[in-house]
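# Residue-level structure breakdown
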Amino acid sequence: MALPKRVLIVDDDESVRLFVAGIMEAEGWEIIEALNGQQAIDRAEAEKPDLIVLDVNMPVMDGFTAFKMLRESPFTETIPIIMLTGVNEEEGTDYDIDRMEEEFGVKGPEGFVDKPVDPVFLLQSVLGVVG
């Protein structure tokens, strides 16, 4: 029997973490949580999840900084990352994969999911990344 896939959900908002965790658990995923970018890096290196769902706006270390560090680390560089963001709507900033690759000099994220999270779109994004 195959082990369940594991997802690291990174968001400082507990309600968002619980919502995303509920969606992923219903699909058979094992959940790992982090509250900020630094915890995300620490947990990703220790736990080696199959996927990271990473919020952008967080205390201690924001999602963009954590994303860049995850991509630069040989321990986490191949873990697929879906960015979870309300930035596009809140600040009128349109982040996309190409722009992030240019800005950060690393391979861009595998996708973006806007807040509030649409469960169907989240699952479609996950399936598009990890099958």
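Our structure's up above, just so we're on the same page.
A short tour of the structure in this document, coming up. (Residues numbered from 1 in each chain as written. Predicted model: local features only at pLDDT ≥ 70, side-chain atom pairs only at ≥ 80, totals over all residues. Heavy atoms only, no water.)

Taken in spatial order, the five strands of this open sheet run β2-β1-β3-β4-β5, and their pairing is parallel. Of all the strands in the sheet, the pair left with one neighbour each is β2 (30–34) and β5 (111–114). Mean inter-strand twist for the sheet, computed between neighbouring axes without regard to direction, equals 20°. Two strands pair when backbone bridges link them, and strand β1 (residues 6–10) and strand β3 (residues 51–55) are joined in this way by four bridges, in the parallel orientation. Residue pairing across strands places Ile-9 opposite Val-53, the latter belonging to β3. Across the sheet, helix α1 (residues 14–26) lies against β1, β2, β3 and β4 (81–85), angled at about 165° from β2, the strand it touches most. Relative to β2, helix α2 (residues 37–47) is tilted by about 145°, and along the sheet it contacts β1, β2 and β3. (Pairing = 2+ DSSP bridges. Helix = DSSP H or I, 4+ residues; strand = E, 2+ residues; numbered from the N terminus. Axes fitted to C-alpha atoms, helices over the stretch in contact; angles between N-to-C directions. Contact = heavy atoms within 4.5 Å.)

With that settled, consider the side chain of Arg-17. Mapped onto the fold, Arg-17 is located in helix α1. A distance of 2.9 Å separates the side chain of Arg-17 from the side chain of Glu-33, its partner in a polar contact. Not counting residues within four places of it along the chain, the set of residues in contact with Arg-17 comprises Ile-9, Asp-11, Asp-12, Glu-33, Ala-34 and Leu-35. (Polar contact = N/O pair within 3.5 Å; in protein donor to acceptor, adjacent residues only side chain to side chain.)

Here we come to the environment of Ile-41. Relative to the helices and strands, Ile-41 resides in helix α2. You can call Ile-41 buried: its relative accessible area is 6%. Here the alpha-carbon distance between Ile-41 and Phe-67, two residues 26 residues apart in the chain, equals 8.7 Å. Excluding its chain neighbours within four sequence positions, the residues that come into contact with Ile-41 are Met-61, Ala-66, Met-69 and Leu-70. (Buried < 20%, exposed > 50% of the residue type's maximum accessible area, 1.4 Å probe, protein only.)

Moving on to the packing of α1 against helix α6 (residues 119–130). A packed helix pair is summarised by two numbers, namely the angle formed by the two axes and the spacing between the axes. Two numbers describe how α1 lies on α6: the axes approach to 11 Å, and their chain directions differ by 60°. Here α6 runs oblique to α1, going by the angle between their axes. Where α1 crosses over α6, the two elements pack in a sense that is right-handed. Of the residues in α6, those in contact with Phe-19, Val-20, Ile-23 and Met-24 of α1 are Pro-119, Leu-122, Leu-123 and Val-126. When its residues are assigned to classes, the contact of α1 with α6 shows eight nonpolar, no polar and no charged. (Parallel < 35°, antiparallel > 145°, perpendicular 65-115°, else oblique. Left-handed = near helix turned anticlockwise from the far one by under 90°. Nonpolar A, V, L, I, M, F, W, Y, C, P; charged D, E, K, R; others polar.)

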